[in-house]
Amino acid sequence: ALPIWCASGWYGINLSPEELKPMVERLNGFLEAEGRPAGDVRIIVGSTTGEATPAQVKAFAEAGADEFLVPYLRQSEKWVDVFVDGLKPYLDRAA
């Protein structure tokens, strides 16, 4: 059983945006059954494959994710700079 009455977040690892969307819908159903509004739990997703692109971040956000864990420790320092530069428009919008 899920402790949905007290949960504040949910982590999804190694999911595609297509796999995430029905899980978010199901989670929202559990929340509503407990009298909590849909979206009351932060959805955090990440990749353990080492791949993370701005397009992935956008796709996960559209599927219901609130946060995306960036696997920057698996990347070279140069790659992290390029990735962050590519995310700048999304970061600026979120600020």
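Just so we're clear, the structure is a prediction, and the values are computed from it rather than from any experiment.

1. Some words on the overall build of the chain
When you go through the chain residue by residue, the secondary structure sums to three helices and three strands. Its helices and strands taken in sequence order, the chain reads β-α-β-α-β-α from the N to the C terminus. Carbon and sulfur atoms make up 56% of the accessible area of the chain, which amounts to about 6400 Å² in all.

2. Considering the nonpolar core
Of all hydrophobic cores here, the largest spans 16 residues; its most connected members are Leu20, Val41, Ile43, Val45, Phe60, Ala65 and Phe68. Counting only elements with at least two residues in this core, the list comes to α1 (17-33), β2 (42-46) and α2 (54-63). Per-element accounting of this core gives the leading share, four residues, to α1. Once residues within four sequence positions are removed from consideration, Leu20 is found in contact with Trp10, Leu15, Ile43, Val45, Phe60, Ala63 and Ala65.

3. Section: the packing of aromatic side chains
Under the counting rule described, the total for this entry stands at one aromatic pair. Ring centres of Phe60 and Phe68 lie 5.5 Å apart, and the angle between their planes is 40°; on these two criteria the pair is classed as tilted. For the pair formed by Phe60 and Phe68, the shared burial category is buried.

4. Looking at the packing of α1 against α2
Two elements in contact, α1 and α2, have axes separated by 8 Å at closest approach and are oriented at 20°. One way to sum up the angle between α1 and α2 is to call them roughly parallel. Note on packing geometry: the crossing formed by α1 with α2 is right-handed. Listed contacts from α2 to Pro17, Leu20, Lys21 and Val24 of α1 are Ala59, Phe60 and Ala63. A class-by-class count of the residues in the contact of α1 with α2 yields six nonpolar, no polar and one charged.

5. Focus on unusual backbone geometry
The backbone of Asn14 shows a phi angle near 60°, a positive value even though the residue is not glycine. Tracing the sequence through the fold places Asn14 in the loop between β1 (9-13) and α1. The class for Asn14 is partly exposed, based on a relative accessible area of 45%.

6. Digging into the pairing of β1
Where β1 and β2 come together, five bridges link them in parallel fashion. Within β2, the residue paired with Gly9 across the bridge is Arg42. The parallel pair β1 and β2, bridged by α1, forms a crossover whose chirality is right-handed.

7. With respect to the confidence of the model for the chain
Per-residue pLDDT for the chain has a mean of 79; in total, 75% of the residues score no lower than 70. Predicted confidence in the chain is weakest over helix α3 (residues 77-94), with a mean pLDDT of 69, and strongest over α1, with 92.

Cut-offs used in this document
Residues numbered from 1 in each chain as written. Predicted model: local features only at pLDDT ≥ 70, side-chain atom pairs only at ≥ 80, totals over all residues. Heavy atoms only, no water. Helix = DSSP H or I, 4+ residues; strand = E, 2+ residues; numbered from the N terminus. Areas by Shrake-Rupley, 256 points an atom, 1.4 Å probe, with all protein chains shown as cover. Core = buried A, V, L, I, M, F, W, Y, C linked by side-chain atoms within 4.5 Å. Buried < 20%, exposed > 50% of the residue type's maximum accessible area, 1.4 Å probe, protein only. Contact = heavy atoms within 4.5 Å. Phe/Tyr/Trp six-rings, centres within 6.5 Å; stacked < 30°, edge-to-face > 60°. Axes fitted to C-alpha atoms, helices over the stretch in contact; angles between N-to-C directions. Parallel < 35°, antiparallel > 145°, perpendicular 65-115°, else oblique. Left-handed = near helix turned anticlockwise from the far one by under 90°. Nonpolar A, V, L, I, M, F, W, Y, C, P; charged D, E, K, R; others polar. Pairing = 2+ DSSP bridges. Right-handed = clockwise from strand over helix to strand, strands pointing away. pLDDT = per-residue confidence, 0-100.

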